[in-house]
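# Per-entry structural report
If you want the building blocks of each chain, they are given just below.
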Amino acid sequence: NNLKLLLHGSIMKSMMMIIAILASLIIVASMPYNVPLQGIQGGKKTLVLLDDLGKIQTFSIFFDELKSRGHILSFYQPESPELKLKVFGESLYDNIVFFAPTSDRFSSISFEDIVEFSNEGGNILFAVNREVSDSVRDLVETFGFSLDKKGTEVLDHFNGVLSVDTSLQHSYVLSKNAVLSSSILGSYVTEIDSVAPVLFHGIGHSLDDKSVLAVKVLTGSASTYSASANKPIGDFPESAGQHTLLVSAIQARNNARVVLSGSLDLFSNELFRASLGPDDALPGNELFCKELSKWGFGERGVLRFSGITHFKSDGSPPDVILHEKERPDLPLTLFPDPEITRNSLVYRIKDEIVYTMYVQEFVDGEWKPFCADDMQMEFVMMDPYVRRTMSCRDGRFTAAFVAPDSYGVFKFRVLYRRLGYSVLHAETQVSIRPFKHDEYERFILSAYPYYSSAISAAVAFFVFSLCFFFSSDSK
């Protein structure tokens, strides 16, 4: 019997542990973003990984442009034994430029360390080509990018540039199908009508269309497709038209940014200075890569918030009802009492509440006020009870509303997620209480029928009593 009880107890404990683990996983999976969450301006310490350090001059224009913006570049080969991402748990770099598509392994770090670097907020710029190794394929797939099959490349027989295409296979293609977001591509989008198209030579890839984290930065033209130039196409190529992704990006849930270009040559001096025709016009690669790297390295499209306040419409602050208990007879280790919420801010139902927050955008190296007409505030208890679009003036967002006729623990919640901008997520907890017994109106209009019925019953009883006491039976 004791053995059965012991087994039964251990089984119950195991089941409870499994249920607790599953519940925690469900809670974590249901949280779209951490709280609080806001953008952080990008750092300037940048690691550059190259298959061959002799190729530094191949991308010298791009690297010089990064240096002109204050980036401190460190060049390594993946096989270098001196390569490190951390020292004593502290990251040595803010960004990684991964121009080593044929690498199969690292010497002193691993591909998992690259993933961890992004998980800790680092930004990464990947550039690959058709010779990309299986290891790099697996690495970029970890971030949500799926490269096309080996041996395939992006082709276009109508938008090709034969002056640089020595193979005459139309693998050097032009495209201006860029994402129309000035926060991502800056002046390349604002001047889209006058800038030259981007010259691309490389491999296509794909993304999950349902992902809210993905951005299709540059796609192919209507005549672009991905296939092997030396093999017949079956029923359908790998991709075609705008489904052929040339450059794309992922903004992770921690606001880290990962950019993938299917063309390593896109950043090369050769394509920066390639001639597009008899008038020797240059492609838009240099401007495109400059603006894209600004966004990818957190120099643009970064938002932060501060100065969150909330108060009653008359300017008075919320009540502080649950104060900390004075317990001088107990040691400090027993503070606080578990049922006491220290300094709990409390509003009353039907109070008129005003919520404000200040939002800034990182522009041209400094923080400036940010304004938008689509930022919303929600007043939430499990589900939103109130949702208001906030008005903005000089970066100060404001929303006014009436507290719902339901009491409990609520949160002011702002979750702002827009294309090209870092995600803002702010939550502030307050409580809503019902009316106290002495705060109700003395006479409520809707209760008049009950008042009249009570008064009529009392009057009827009084009349009945008079009749009962002052009447007698007739003989």
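Conventions adopted
Residues numbered from 1 in each chain as written. Predicted model: local features only at pLDDT ≥ 70, side-chain atom pairs only at ≥ 80, totals over all residues. Heavy atoms only, no water. pLDDT = per-residue confidence, 0-100. Contact = heavy atoms within 4.5 Å. Disulfide = S-S within 2.5 Å. Helix = DSSP H or I, 4+ residues; strand = E, 2+ residues; numbered from the N terminus. Buried < 20%, exposed > 50% of the residue type's maximum accessible area, 1.4 Å probe, protein only. Core = buried A, V, L, I, M, F, W, Y, C linked by side-chain atoms within 4.5 Å. Pairing = 2+ DSSP bridges. Phe/Tyr/Trp six-rings, centres within 6.5 Å; stacked < 30°, edge-to-face > 60°. Lys NZ or Arg CZ within 6 Å of the ring centre and 35° of its normal. Axes fitted to C-alpha atoms, helices over the stretch in contact; angles between N-to-C directions. Parallel < 35°, antiparallel > 145°, perpendicular 65-115°, else oblique. Left-handed = near helix turned anticlockwise from the far one by under 90°. Nonpolar A, V, L, I, M, F, W, Y, C, P; charged D, E, K, R; others polar. Salt bridge = Lys/Arg side-chain N within 4 Å of Asp/Glu carboxyl O.

### Overview of the confidence of the model for the protein
- Looking at the protein as a whole, the pLDDT averages 86, with 89% of positions reaching at least 70.
- Low pLDDT, under 50, characterises residues 25-30; the stretch is placed with 0 contacts to residues that sit more than four places away or in other chains.
- A low-confidence stretch, residues 334-340 stays under pLDDT 50, and its non-local contacts, those more than four residues away or across chains, total 11 contacts.

### Quick look at the state of the cysteines
- Within this structure, the stated rule accounts for 1 disulfide.
- Put simply, Cys-371 and Cys-392 are joined by a disulfide, and their sulfur atoms are 2.1 Å apart. Its S-S torsion of approximately -75° makes the covalent link between Cys-371 and Cys-392 left-handed. With Cys-371 in the loop between strand 22 (366-369) and strand 23 (376-381) and Cys-392 in strand 25 (residues 391-393), the pair connects residues that are 21 residues apart, well separated along the chain.
- Of the residues examined, Cys-371 reaches a relative accessible area of 42% and is grouped as partly exposed.

### Notes on the nonpolar core
- Residues Phe-99, Leu-185 and Phe-288 are the most contacted members of the largest nonpolar core, which totals 39 residues.
- The element contributing the most residues to this core is helix 8 (residues 285-296), with 4 residues.
- In this structure Phe-288 touches Leu-185, Tyr-188, Val-198, Val-217, Leu-218, Val-247 and Leu-266, once residues within four positions along its chain are discounted.
- Within the second largest apolar cluster, 31 residues are counted, among which are Ile-96, Ile-114, Val-115 and Phe-145.

### A short note on the sheet that holds strand 20 (residues 345-348)
- Taken in spatial order, the 6 strands make up an open sheet running 19-20-28-27-23-24, and their pairing is mixed. Every interior strand has two partners, whereas the edge strands, strand 19 (319-320) and strand 24 (383-389), have only one.

### Quick look at the packing of aromatic side chains
- Within this structure, the stated rule accounts for 25 aromatic pairs.
- Look at Phe-379 and Phe-401: their rings are 5.1 Å apart centre to centre, the planes differ by 50°, and that puts the pair in the tilted class. Of this pair, Phe-379 sits in strand 23 while Phe-401 sits in strand 26 (residues 396-402), and the two are 22 residues apart along the sequence. Each member of the pair, Phe-379 as well as Phe-401, is classed as buried.
- In textbook terms, an aromatic cluster arises when at least three aromatic residues are bridged by ring pairs, as seen for Phe-59, Phe-62, Phe-63, Phe-75, Phe-99 and Phe-267.
- Positioned above the aromatic ring of Trp-367, the side-chain terminus of Arg-304 is 4.1 Å from the ring centre.

### Some words on the environment of Asp-364
- Among the secondary structure elements, Asp-364 is positioned in the loop between strand 21 (352-363) and strand 22.
- For Asp-364, a relative accessible area of 68% translates into the label exposed.
- Along the primary structure Asp-364 and Lys-294 are separated by 70 residues, whereas in three dimensions their C-alpha atoms are 9.9 Å apart.

### A look at the packing of helix 2 (residues 60-68) against helix 8
- Where helix 2 meets helix 8, the closest approach of the two axes is 11 Å, and the angle between their N-to-C directions is 40°. With respect to helix 8, the axis of helix 2 lies oblique. Remark: the crossing between helix 2 and helix 8 carries right-handed chirality. In contact with Ile-61, Phe-62, Glu-65 and Leu-66 of helix 2, helix 8 contributes Glu-286, Cys-289, Lys-290 and Ser-293.
- Looking at side-chain class alone, the contact of helix 2 with helix 8 contains 4 nonpolar, 1 polar and 3 charged residues.

### Some points on the sheet that holds strand 8 (residues 153-155)
- The strand order 8-14-15 describes an open sheet built from 3 strands, whose pairing is antiparallel. Of all strands in the sheet, those with a lone pairing partner are strand 8 and strand 15 (239-240), marking the two edges.
- For strand 14 (residues 225-227) and strand 15, the ladder comprises 2 bridges, and the chain directions are antiparallel. Of the residues in strand 15, the one forming a bridge with Tyr-225 is Ala-240.

### Observations regarding the pattern of salt bridges
- In total, this model carries 18 salt bridges according to the counting rule given.
- Of the charged contacts, one joins Lys-216 and Asp-209 as a salt bridge, the two residues approaching to 2.8 Å between their closest N and O atoms.
- Judged by relative accessible area, Asp-209 falls into the exposed class, the value being 57%.
- Several salt bridges share partner residues, and in doing so they unite Lys-44, Glu-65, Arg-69 and Glu-299 into one network.

### Some thoughts on the pairing of strand 16 (residues 245-251)
- By the criterion of burial, strand 16 is predominantly enclosed, with 7 of the 7 residues buried.
- Inspection of the sheet shows strand 13 (residues 214-219) paired to strand 16 by 5 bridges, in the antiparallel sense. Bridge pairing in strand 16 places Lys-216 opposite Ser-248.
- For strand 16 and strand 17 (residues 257-261), the ladder comprises 5 bridges, and the chain directions are antiparallel. Looking across to strand 17, one finds that Ile-250 is bridged to Val-258.

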